[in-house]
Amino acid sequence: MNIKVLFFDFDHTTLQKDQVFISPRNMFALREAMKKGILCIPCTGRSADMFPPQIQDERGFRYWVSASGCRIIDKGTDQVIYKGGCFTPEQAAQICRMYEGQMIYSEIAAEGKLYFERSVNDALHLFPVPPHHVWYVLTGRQIPINGKLSDYFLNHRLEVEKFNLYGVPEEKQEPFMEQLKSMDFVNFLDGTPFNMQFTSSALDKVAAIQALLDHLGLTFEHVMSIGDSIIMDGCIMEKSALAVAVGNAPKELKDIAHDVVNDFDKDGLAEAIEKYLL
């Protein structure tokens, strides 16, 4: 094998249990791989603005695959290499009308940023901010929207990468789920009626990664990938020359992987890098 690229997931693969920081061993392994000329590329469902601090601060992580492939960035030049698979402004507005003005905690990813309703953003102490998102909201980088969410995305013609709804009240869970299921452009990622994450059904992660590889002059024959989720990581791992699952991954993902390493919180990423790239 001639591995030149490592795609690595964040949550439950690379980050510690706090889902904010990378362990010293994992970080050392990533840096050593980069010293050897391996392109270490985060490939995650997170919006670019919520990438962990260690990734943001390390210039060696030049390419970012964010929002499950909706947005791929060259951080060296701030060029957007690929953009696609988003909700149209009209689709985003339809989703927003379902819950706007009802004091529901939501994070809307668009153009690599996170948007909040002003009323929610100004009273975060009243809402179930996910523990691993607290560091982000404390930075104040999120964009509060005045007025209706639906009007904002329509008027600004913003395409939306992803919706996160957290702490949906029990009486609203079933109605919300039914409305979302009736929208053929919605694809559920994971979660429950209490915490919902969904993207556009137009999203094609393999096409996004192929666009990046084309840009780099490489193919999937040069790719090693590691992850924990059959939904989020499986399609890329199936195409990779070398696919590694962390020990906490489900059986379905382990079955398509070439190797299985230790759990994410036991430095499985570093184990894989040390074994195959160093």
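Structure: see above.
Residues numbered from 1 in each chain as written. Predicted model: local features only at pLDDT ≥ 70, side-chain atom pairs only at ≥ 80, totals over all residues. Heavy atoms only, no water.

Next up on the list: the pairing of strand β7 (residues 113-117). In terms of residue burial, β7 counts as a mostly covered element, since four of its five residues are buried. Bridge count between strand β6 (residues 105-110) and β7: three bridges; the pairing is antiparallel. Among the inter-strand pairings, alanine 109 is bridged to a residue of β7, identified as leucine 114. Linking β6 back to β7 in an antiparallel pair, the connection comprises two residues, with glutamate 111 at a positive phi of about 55 degrees. Where β7 meets strand β8 (residues 143-145), three bridges bridge the pair, whose relative direction is parallel. Paired with tyrosine 115 across the two strands is isoleucine 143, which belongs to β8. (Buried < 20%, exposed > 50% of the residue type's maximum accessible area, 1.4 Å probe, protein only. Helix = DSSP H or I, 4+ residues; strand = E, 2+ residues; numbered from the N terminus. Pairing = 2+ DSSP bridges.)

Positive phi is not limited to glycine here, since alanine 67 has a value of about 50 degrees. The exposure class assigned to alanine 67 is buried, which follows from its relative accessible area of 1%. The phi torsion at glutamate 111 lies on the positive side, around 55 degrees, for a residue other than glycine. Judged by its relative accessible area of 27%, glutamate 111 falls in the partly exposed class.

Quick look at the packing of aromatic side chains now. In this description, an aromatic ring pair is defined by two values, namely the gap between the centres and the angle between the planes. Under the defined criterion, the tally for this structure stands at 15 aromatic pairs. Taken together, the ring pairs in this structure connect Phe8, Phe10, Phe51, Phe61 and Trp64 into an aromatic cluster. The ring of tryptophan 64 carries the charged tip of lysine 75 above its face, separated from the ring centre by 4.6 Å. (Phe/Tyr/Trp six-rings, centres within 6.5 Å; stacked < 30°, edge-to-face > 60°. Lys NZ or Arg CZ within 6 Å of the ring centre and 35° of its normal.)

Moving on: the sheet that holds strand β3 (residues 63-66). Spatially, the three strands line up as an open sheet ordered β3-β4-β5, and their pairing is antiparallel. Two strands in the sheet have a free side with no partner beyond their single neighbour: β3 and β5 (79-83). Averaged over all pairs of adjacent strands, the angle between strand axes in this sheet comes to 20 degrees, irrespective of strand direction. Both β3 and strand β4 (residues 71-74) contribute to a ladder of four bridges, which runs antiparallel. Across the sheet, serine 66 pairs through a bridge with arginine 71, a residue of β4. Packing against the sheet, helix α8 (residues 205-216) makes contact with β3, β4 and β5, and its axis sits at approximately 140 degrees to β5. (Axes fitted to C-alpha atoms, helices over the stretch in contact; angles between N-to-C directions. Contact = heavy atoms within 4.5 Å.)

Note that every value here comes from positions in space, so none of it alone points to a role or purpose.
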